[in-house]
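Residue strings, one per chain:
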Amino acid sequence: MTSTLVPPTTADKFRQAMSSFPSGVTIMTTTDVGGEPRGFAASSFCSVSLEPALVLVCLAKTAQCHDAFMVNDQWSIQMAGSAHVELIERFATKGADKFAGGEFVPDHRGVPVLLDAAVLIECEAYERHDGGDHTILIAKVREIDIDDRPPVLYFQRGFRHLDQIPLQGALS
Ligand SMILES: Cc1cc2nc3c(=O)[nH]c(=O)nc-3n(C[C@H](O)[C@H](O)[C@H](O)COP(=O)(O)O)c2cc1C
């Protein structure tokens, strides 16, 4: 595929710039046509709309789990906590036995959910959009379970912990 970036903006520079935007990390899960659990680590999560309650995650079209998210409308999104660094690394590794650790259990829809997630969002497909080499998965939120665990942060390809970062200012 030929690059559409205008020199000197290379793919490496684009990746470096995007990694300089700190974010939380989510693990998005579903099941495939055979009922097998599927999922991936995602930092592209963001809020879209309040009424209706919508969120989005961008999924690479090359992901092995891409087909599962195109076929199954039932999804779950879990915000990872600071204890989940190893779990995130597993869910970011192609071909890994992602669910082998037993951290996930099937919910009432059969979708795997992470019980000790910082926040658990039960959701379903609202729209899927083409987004270049990614598919933009827009999810309608059905249920939310908020735990008091601090989320993990991702910045410049490394993980950081909120309790090591001083709080400065707060909006009401
Ligand atoms: C912190 C972090 C955030 C990531 N965010 C995304 C993302 O938003 N979208 C995406 O498609 N891949 C993202 N990835 C990469 C996928 O998790 C990884 O390629 C995964 O293995 C894809 O799923 P597959 O194993 O089914 O191919 C991220 C990886 C890490 C470590």
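Up top is the structure.
Residues numbered from 1 in each chain as written. Predicted model: local features only at pLDDT ≥ 70, side-chain atom pairs only at ≥ 80, totals over all residues. Heavy atoms only, no water.

**Q** Any chance you could break down the packing of aromatic side chains for me, citing the residues and the numbers?
**A** A full pass over the atoms with the stated rule returns 6 aromatic pairs. Ring centres of Phe 40 and Phe 69 lie 5.5 Å apart, and the angle between their planes is 85°; this geometry places the pair in the edge-to-face category. One end of the pair, Phe 40, is in strand S3 (residues 37–42); the other, Phe 69, is in helix H2 (residues 66–71), and 29 residues separate them in sequence. Each member of the pair Phe 40 and Phe 69 is classed as buried. (Phe/Tyr/Trp six-rings, centres within 6.5 Å; stacked < 30°, edge-to-face > 60°. Helix = DSSP H or I, 4+ residues; strand = E, 2+ residues; numbered from the N terminus. Buried < 20%, exposed > 50% of the residue type's maximum accessible area, 1.4 Å probe, protein only.)

**Q** So, the sheet that holds strand S9 (residues 119–131): which residues are in play, and what are the values?
**A** Across the sheet, 7 strands lie side by side as S3-S2-S6-S9-S10-S5-S4; this open sheet has antiparallel pairing. Strands with a single pairing partner mark the edges of an open sheet, and in this sheet they are S3 and strand S4 (46–49). Each strand axis lies, on average, 35° off the axis of its neighbour in the sheet, ignoring direction. Taken together, the 12 bridges between S9 and strand S10 (residues 134–146) define a ladder with antiparallel strand orientation. Looking across to S10, one finds that Val 119 is bridged to Ile 146. (Pairing = 2+ DSSP bridges. Axes fitted to C-alpha atoms, helices over the stretch in contact; angles between N-to-C directions.)

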